[in-house]
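Structural features, examined
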Amino acid sequence: METVLKPTEADRRIVECISDEKSFSVIAGAGSGKTTSLVEALKKIRDKHGKELRKNGQRVVCITYTNRAVDVISSKLGFDDLFLVTTLHGFLWGEIFRFQNAMREALCEDVIPRHIAKAQKDDNGGTSQRARNAREKVQRLSQELEALKEEPKVRYEETAISDYAQCILNHDDVIDVASFLISNRPILRKGLGFKYPFFFVDEAQDTFPQVMAALNAICAKDGLPLIGYFGDPMQQIYDKRAGGFSGPEGAEIIPKEENFRCSTSVIDLLNNFRSDLQQVPGGKNIEIEGSVEITVVQAPDPSGPRNTYTVEQLDDVTSKYTNAVAQWGWENLPSVKNLFLARRMIARRLDFKNIHSLFTGTYSSSRSQSVYEDGTHYLFKPFVDGVFELVEASRKGDAKRIIETLRRISPAFSDTGKNKSKSLKAMLDHAVQHTEKLREMWETRSVKEVLEYCHDNDLCTISERLAYQMDRKPREEFDRDMEDHQREKGDWLADEFFELGTEELERYFSFLDESSPFSTQHGAKGEEYENVLVMIDDIEANWNTYSFSKFLTPNVAGQPTDRQRELTEKLAYVCFSRAEVNLRVLFFSIDAKAAGAELIDAGLFRKDQVSYL
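Named according to an unreviewed UniProt entry, the chain is DNA 3'-5' helicase II originating from Shimia gijangensis.

1. Some points on the pairing of strand β12 (residues 336-340)
Consecutive side chains along a regular strand alternate between the two faces of the sheet. Counting buried positions over the 5 residues of β12 gives 5, a clear majority of the element. The alternating pattern of β12 places Val 336, Asn 338 and Phe 340 on one face and Lys 337 and Leu 339 on the opposite face, and all of these are buried. Alignment of β12 against strand β14 (residues 529-536), held across 5 bridges, turns out to be parallel. Within the sheet, the bridge partner assigned to Lys 337 lies in β14 and is Val 532.

2. A word on the environment of Val 266
Relative to the helices and strands, Val 266 is located in helix α10 (residues 264-272). Taking relative accessible area as the criterion, Val 266 reaches 0% and is therefore assigned buried. Put simply, Val 266 and Ser 291 are 25 residues apart on the chain and 7.0 Å apart in space, counted from C-alpha to C-alpha. If near-sequence neighbours (up to four positions away) are discounted, Val 266 is found in contact with Val 292, Phe 576, Ala 579, Val 581 and Leu 583.

3. Some points on a negative patch on the surface
Together, Glu 136, Glu 477, Asp 479 and Asp 481 line one region of the surface with negative charge. Accessibility expressed as a relative area gives 31% for Asp 479, which makes it partly exposed.

4. Let's talk about the packing of aromatic side chains
Each aromatic ring pair is specified by the distance between its two centres and by the angle formed by the two planes. Evaluated as defined, the whole model comprises 32 aromatic pairs. Each ring, one from Phe 200 and one from Phe 230, has its centre 5.3 Å from the other, and the planes form 45°; the classification is tilted. Of this pair, Phe 200 sits in strand β6 (residues 198-201) while Phe 230 is found in strand β7 (residues 226-231), placing the two residues 30 residues apart along the sequence. Here Phe 200 and Phe 230 have matching classes, each one buried. A ring pair is formed by Phe 359 and Phe 497, whose centres lie 5.9 Å apart and whose planes are at 80°; its orientation type is edge-to-face. Linking Phe 359 in helix α13 (residues 353-359) with Phe 497 in helix α21 (residues 489-499), this pair joins segments that are 138 residues apart in sequence. This pair shows no difference in class: Phe 359 is buried, exactly as Phe 497 is.

5. Description of the sheet that holds strand β8 (residues 252-256)
Within the open sheet, the 6 strands sit side by side as β3-β2-β6-β7-β1-β8. Their pairing is parallel. Each edge of the open sheet carries a strand with a single partner, namely β3 (83-87) and β8. For this sheet, the mean angle separating the axes of adjacent strands, direction not counted, is 15°.

6. Side note on the domain arrangement of the chain
Domain annotation of the chain identifies domain 1 (9-94 + 197-256), domain 2 (115-180), domain 3 (266-341 + 521-612) and domain 4 (357-512). Summed over both sides, the interface between domain 1 and domain 3 buries roughly 1500 Å², with carbon and sulfur atoms accounting for 53% of that surface. Among the residues of domain 1 in contact with domain 3, Ala 30, Met 234 and Ile 237 are the three that bury the most area, contributing 48% of the side total. Counting across the domain 1 and domain 3 interface gives 1 salt bridge. Notably, a salt bridge pairs Arg 274 with Asp 232, separated by 2.9 Å at the nearest N-O pair. Inspection of the domain 1/domain 3 interface yields 6 residue pairs in polar contact (both at pLDDT 80 or more). Residue assignment for the side of domain 1 that touches domain 3 shows that the elements contributing at least two residues are β1 (24-28) and β8.

7. Re the UniProt feature "binding site: ATP" (unreviewed entry) in the chain
Residues given the UniProt feature "binding site: ATP" (unreviewed entry) here are Ala 28, Gly 29, Ala 30, Gly 31, Ser 32, Gly 33, Lys 34 and Thr 35. With respect to the helices and strands, Thr 35 occurs in helix α2 (residues 34-55). Ignoring sequence-local partners within four residues, the contact set of Thr 35 consists of Ile 73 and Lys 76.

8. Quick word on helix α18 (residues 447-456)
Within α18, the full set of buried residues consists of Val 447, Val 450, Leu 451, Tyr 453 and Cys 454. One side of α18 carries all its buried residues, which in axial view fall inside an arc of 160°. Asp 458 sits one or two residues past α18 and shows a positive phi near 55°.

9. Remarks on the state of the cysteines
All told, the structure shown has 0 disulfides when counted by the stated rule. Cysteine Cys 108 shares no disulfide, and the gap to the nearest cysteine sulfur, in Cys 167, comes to 7.9 Å. Cys 575 takes part in no disulfide bond, and the closest cysteine sulfur, belonging to Cys 262, lies 12 Å away. Here Cys 575 falls in the buried class, since its relative accessible area comes to 1%.

10. Quick word on the pairing of β6
Residues Phe 198 and Phe 200 line one face of β6 and the alternating positions Phe 199 and Val 201 line the opposite face, and both faces are buried. The sheet contact formed by strand β2 (residues 60-64) and β6 spans 4 bridges and is parallel. Each bridged residue has a counterpart across the sheet, and for Ile 63 the counterpart in β6 is Val 201. Both β6 and β7 contribute to a ladder of 4 bridges, which runs parallel. Within β7, the residue paired with Phe 200 across the bridge is Gly 228.

11. As for the pattern of salt bridges
Any two side chains of opposite charge can pair if their charged atoms end up close together. Evaluated as defined, the whole model comprises 44 salt bridges. In this structure, Lys 22 and Glu 252 form a salt bridge, with 3.6 Å as the shortest nitrogen-oxygen distance. Taken together, the residues span a long stretch of sequence, with Lys 22 in the loop between α1 (9-19) and β1 and Glu 252 in strand β8 at a distance of 230 residues. For Lys 22, a relative accessible area of 32% translates into the label partly exposed. Here the salt bridges share partners, and the residues they tie into one network are Arg 46, Arg 54, Asp 80 and Asp 81.

12. Side note on the environment of Ile 45
Position of Ile 45 relative to the elements: it lies in helix α2. Between the alpha carbons of Ile 45 and Phe 198 there is a distance of 8.5 Å; along the sequence they are 153 residues apart. If we skip the residues at most four places from it in the chain, Ile 45 touches Ile 18, Gly 50, Leu 53, Val 60, Phe 198 and Phe 200.

Cut-offs and rules
- Residues numbered from 1 in each chain as written.
- Predicted model: local features only at pLDDT ≥ 70, side-chain atom pairs only at ≥ 80, totals over all residues.
- Heavy atoms only, no water.
- Buried < 20%, exposed > 50% of the residue type's maximum accessible area, 1.4 Å probe, protein only.
- Helix = DSSP H or I, 4+ residues; strand = E, 2+ residues; numbered from the N terminus.
- Pairing = 2+ DSSP bridges.
- Contact = heavy atoms within 4.5 Å.
- Patch = residues over 30% accessible without salt bridge, like charges linked within 9 Å, V, L, I, M, F, W, Y side chains within 5 Å.
- Areas by Shrake-Rupley, 256 points an atom, 1.4 Å probe, with all protein chains shown as cover.
- Salt bridge = Lys/Arg side-chain N within 4 Å of Asp/Glu carboxyl O.
- Lys, Arg positive; Asp, Glu negative; His and termini not counted.
- Charge placed at Lys NZ, Arg CZ, Asp CG, Glu CD.
- Phe/Tyr/Trp six-rings, centres within 6.5 Å; stacked < 30°, edge-to-face > 60°.
- Axes fitted to C-alpha atoms, helices over the stretch in contact; angles between N-to-C directions.
- Domains from an automatic or database assignment.
- Buried area = accessible area lost by both parts, 1.4 Å probe.
- Polar contact = N/O pair within 3.5 Å; in protein donor to acceptor, adjacent residues only side chain to side chain.
- UniProt positions renumbered as here; feature names shortened; annotations may be inferred.
- Arc of directions from axis to C-beta.
- Disulfide = S-S within 2.5 Å.

As structure tokens, this is what we get:
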């Protein structure tokens, strides 16, 4: 049963702002019940203004970061169509796609000229690859700018590279075009303000600065429309986002200081990492002391290429990890969630290295990597929707689950499918026959062969996009310097994916459905677990954007860059704050003893919380 949180002083102030028609920003620390406060505020708007809003054909918009969050908030509001709960890209594109001429003008006046100016800065007139690429980019963008005079229809596609000549926008373009139009067109702002008298933005720290400026412009005047931001600057862990956020001039800042999630030991640690907000236990957790321990391990001196571990050293790191878990008595504890900085660290431990390398390598875009990481990539869809479930059901001889799954995903076994006239026994025999064959192929054949069998026998629905990839011939050798190849590199991604066996796919799906005890530190955002183990090893992670060693122990590891410090501090806070009761940190350092002493001297951990291995 869902825990009901008591209203707080912050909740009272939010209601007051809504009553006064005043914009506001809620600074909500970890475990503060931010989503509850947001939903309850939306309900207050419905109670007070719902009848009038419906009469005027107006809605309340709530922008959040993920499709999952959209589903959660919508369900808490009873899927009431008074509320438009949507992702940021979905909202912006939904409001601007009709303004074809205006979007082309935004591309010509702002977006493309900025890209040209940036490329020109990279061209020093020399013969380096960077300079040559910059000149080629300027030439291409100039040609695309000229092509816009033909007024092609503007489209939004999930591609890595825009094609302005064809007016194809990618994710970033939608943000830029929409922000420019809203900020520079008073009539559009007025229209949006009437259509949506109330704007709420969830996870405000992850909103793009230009979008925040545009939304604030809509709500700049006194009274309605108003905007309410809900977020935590300390939990901004994605690049090029606002981080700190505030509403239009005169907006009220509302700190939400309660932490309903963490034990008192964990809350004390979190307060050591920030000065802008000191949290207090918000409920029954005041009675839960819990525990915090950090074990500092002497890291191997990396002997691999580019300052990485060798295979032997990676085995040594894994052995020390196992020893530390045993030292804490956590080796057989089912309630432990292991958080790693990089998914490659999990891929190595769970053995889906090839899949991970493919979807983060040469043929992958940032968008492709993102949907790979959340398991919604179109290449995965048949398996996630039910094909793998059929294999599992066949392994267990679960005929009932086989039929239920086929009725859900198979055109052939639907109520109107080609098997509709068969008797229940005949249908069951047919289903078992197909799934036994599917299970056999799963163990021995490639991903493409499995998909082809499913497609040929109508066991699942194959999207047009996936069908195209399956039907075409494999692409020739990839040339990273060819623009067309870069734009179409998803074809090569599909070709490589089709050649894989299913073993790694199965292990990856096990990781995705959280049946494994592992998660990435980014992926744990918004989650909570009774016991959390955070694995910190900058060398194995091999990700220069972050440096836990430099952030936590700069005297030992050296000073981080300002950007490393900011990003690592926030990611550390997000990780540590996932723990409801107990937190363990395994920290690999080039000088374990000195690092432990520095952690104590800095006041981050107490002496009794630090051990060595």
